[in-house]
Amino acid sequence: MTSASLLDGVRVLEFGHIAAAPFCGMLLADLGADVVKVEAPEGDGLRAWPPIVTAADGETFSLNFASLNRGKRSIVANLKSPAELARVQALCARADVVIENYRPGTLDRLGVGFADVAKANRSIVYCSISGYGQSGAGARKGAFDVVVQGASGLMSVTGERDGPPVKCGVPVADFTAGLYAAYTIVAAHARAIVKREPVHLDCAMLDCLLGISALQTSEYWGTGVAPARLGSAHPRNAPYQAFDASDATFIIAAGNDNLWREVCAATGQEALLSDPRFTSIAKRAANQRALAAILQEVFRTKTAREWLDEFERRGVPSGPLNTFADILADPELAASSLVQAMAVPGAGATSTIAYPVRMNGQRVRASLPPPRLGEHNDIVFAEWLAAPAERAPAEDA
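### Some words on the nonpolar core
Here is step 1 of the chain: The biggest cluster of nonpolar side chains holds 47 residues, and the ones touching the most others in it are Val 12, Cys 24, Leu 28, Ile 99, Ile 129 and Ile 185.
Here is step 2 of the chain: Those elements that place two or more of their residues in this core are helix 1 (20–30), helix 2 (63–69), strand 6 (97–100), strand 7 (125–130), helix 7 (172–195), strand 8 (199–204), helix 8 (205–211) and strand 12 (339–344).
Here is step 3 of the chain: Those residues within four positions of Ile 129 in sequence are excluded, and the remaining contacts are Ala 20, Ala 21, Cys 24, Ile 99, Glu 100, Asn 101, Tyr 102, Ala 177, Ala 181, Cys 203 and Met 205.
Here is step 4 of the chain: Residues Ala 266, Ala 292, Val 298 and Val 316 belong to the second largest nonpolar core, which totals 23 residues.

Right, dumping it as structure tokens:
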């Protein structure tokens, strides 16, 4: 068995747009699920996001869309049309999983919300991803990633100490919710099948960001003081941040006393070992601005490469401050097969980051390119709505 076959026979309908639900659907597709993306006639809005590639015949395709929708099939349905809605409802009755990230209540009004789907499909796992959950005062509020980052407290601890709050450069609210959703879908699926009990998963982006903020929330509950922005520094360890060498920025993480001693030896600052401001992890963290100022003067005397070689020799965790151009050109990354070729409809090959987790040393390879809008209308309805006897045995299991 490979990781690409773990979810063989699992049928997923994705009513997803932009990021969170499409990312969840792609993760399930990478693991072998048959993921069918149900799009409105105008398509997922992400299809219009640049960069856009153009084929010789004029066909265009969004690489942003491609990055979150490989391995899927696409059908188009106008859910306000009774006939088209009925066909999609029939697919819902044959699905194992439904994923959606519409504003709460939208799919209920259209007839494909959890209550309607569960009546016809007693073993469905129905996952709703939203900004603030399916109930409560915030349920009807629209939510994009940056709004939830701000609401969650994440932006209050991101940025320089004396600067303004900063949004994380990666849409972590969207992708964290997608990860939590995929993980919980897989956990719930077996129980839903065995118990024949429909399961509604309420995956709120706000809740998921708080879920990964355990160190910050525990710090607040333990001290009564809200964590603050520290730039690249750490609230409980030092030196544990970025520094400027003579030519570039690099990062070290001396997270214990042994590593601290190695930093002092590497920089010729052994006197700091007896400095009362720095004799324990807690004291170094409390006085990290003073410590950083001392070390920064030393680090400017050599290149980043010289310092990284020295710290590697001493076993101190360290590394460069890469751009995406830097890391994607890294030969070690290329050798790992994490970056793979992906066909884009009408425009040929581009690159994609494969499913990150290996199984028995093997990488997952997407079996399908990202789909054209409505590319699979005929085949999906023919396959999924076939009489049970005509379905493949794996799909009946």
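Structure shown, so let's carry the discussion forward.
### Examining the packing of aromatic side chains
For any pair of aromatic rings, geometry is given as the distance between the ring centres together with the angle between the planes.
Here is step 1 of the chain: Under the criterion given, the structure shown has 10 aromatic pairs.
Here is step 2 of the chain: Arranged with centres 4.7 Å apart and planes meeting at 75°, the rings of Phe 23 and Phe 175 form a pair that is edge-to-face. Taken as a pair, Phe 23 in helix 1 and Phe 175 in helix 7 lie far apart in primary sequence, 152 residues in all.
Here is step 3 of the chain: Taking 5.0 Å as the distance between ring centres and 85° as the angle between the ring planes, the aromatic pair formed by Phe 299 and Trp 307 counts as edge-to-face.
Here is step 4 of the chain: Phe 299 gets classed as buried once you look at its relative accessible area, which sits at 0%.
Here is step 5 of the chain: Every member of this aromatic cluster is reached through a ring pair, and the members are Phe 243, Phe 250, Phe 299, Trp 307 and Phe 311.
Here is step 6 of the chain: When the ring centre of Phe 381 is taken as origin, the NZ or CZ atom of Arg 87, which lies over that ring, is 3.7 Å away.
Here is step 7 of the chain: A cation over a ring is seen here: Lys 141 above Tyr 132, with NZ or CZ 4.8 Å from the ring centre.

### Some points on the layout of surface pockets
Here is step 1 of the chain: Looking at the largest pocket, its volume works out to about 1,100 Å³.
Here is step 2 of the chain: For the largest pocket, the lining is made up of 37 residues, of which Phe 23, Met 26, Ser 67, Phe 175 and Ile 353 are closest to its centre.
Here is step 3 of the chain: Elements that contribute at least two residues to the lining of the largest pocket include exactly helix 1, helix 2, helix 7, helix 14 (324–328), strand 12 and strand 13 (348–353).
Here is step 4 of the chain: When residues of the lining of the largest pocket are assigned to their parent elements, the largest contribution, seven residues, is made by helix 7.
Here is step 5 of the chain: Considering only residue class, the lining of the largest pocket consists of 28 nonpolar, seven polar and two charged.
Here is step 6 of the chain: Space inside the second largest pocket adds up to approximately 470 Å³.
Here is step 7 of the chain: Lining the second largest pocket are 21 residues, with Gly 153, Val 157, Ser 213, Gln 216 and Pro 227 positioned closest to its centre.

### Details of unusual backbone geometry
Here is step 1 of the chain: Residue Pro 51 follows Pro 50 across a cis peptide bond; omega there is 5°.
Here is step 2 of the chain: You can see Pro 51 is positioned in the loop between strand 2 (34–39) and strand 3 (52–54).
Here is step 3 of the chain: Going from Ala 238 to Pro 239, the amide bond is cis rather than trans, its omega being -5°.
Here is step 4 of the chain: Relative to the elements of secondary structure, Pro 239 occurs in the loop between helix 9 (214–223) and strand 9 (240–244).
Here is step 5 of the chain: Even without glycine at this site, Ile 18 takes up a positive phi of about 60°.
Here is step 6 of the chain: Following the sequence through the fold, Ile 18 ends up in the loop between strand 1 (11–15) and helix 1.
Here is step 7 of the chain: Note on Ile 18: relative accessible area 17%, which makes it buried.

Here is what the cut-offs are and how they apply
Residues numbered from 1 in each chain as written. Predicted model: local features only at pLDDT ≥ 70, side-chain atom pairs only at ≥ 80, totals over all residues. Heavy atoms only, no water. Core = buried A, V, L, I, M, F, W, Y, C linked by side-chain atoms within 4.5 Å. Buried < 20%, exposed > 50% of the residue type's maximum accessible area, 1.4 Å probe, protein only. Helix = DSSP H or I, 4+ residues; strand = E, 2+ residues; numbered from the N terminus. Contact = heavy atoms within 4.5 Å. Phe/Tyr/Trp six-rings, centres within 6.5 Å; stacked < 30°, edge-to-face > 60°. Lys NZ or Arg CZ within 6 Å of the ring centre and 35° of its normal. 1 Å grid on protein atoms, 1.4 Å probe; cavity = no way out; pocket = protein on both sides within 12 Å on 5 of 7 lines; lining within 4 Å. Points joined across faces, edges and corners; volume = space filled by probe spheres on them. Nonpolar A, V, L, I, M, F, W, Y, C, P; charged D, E, K, R; others polar.

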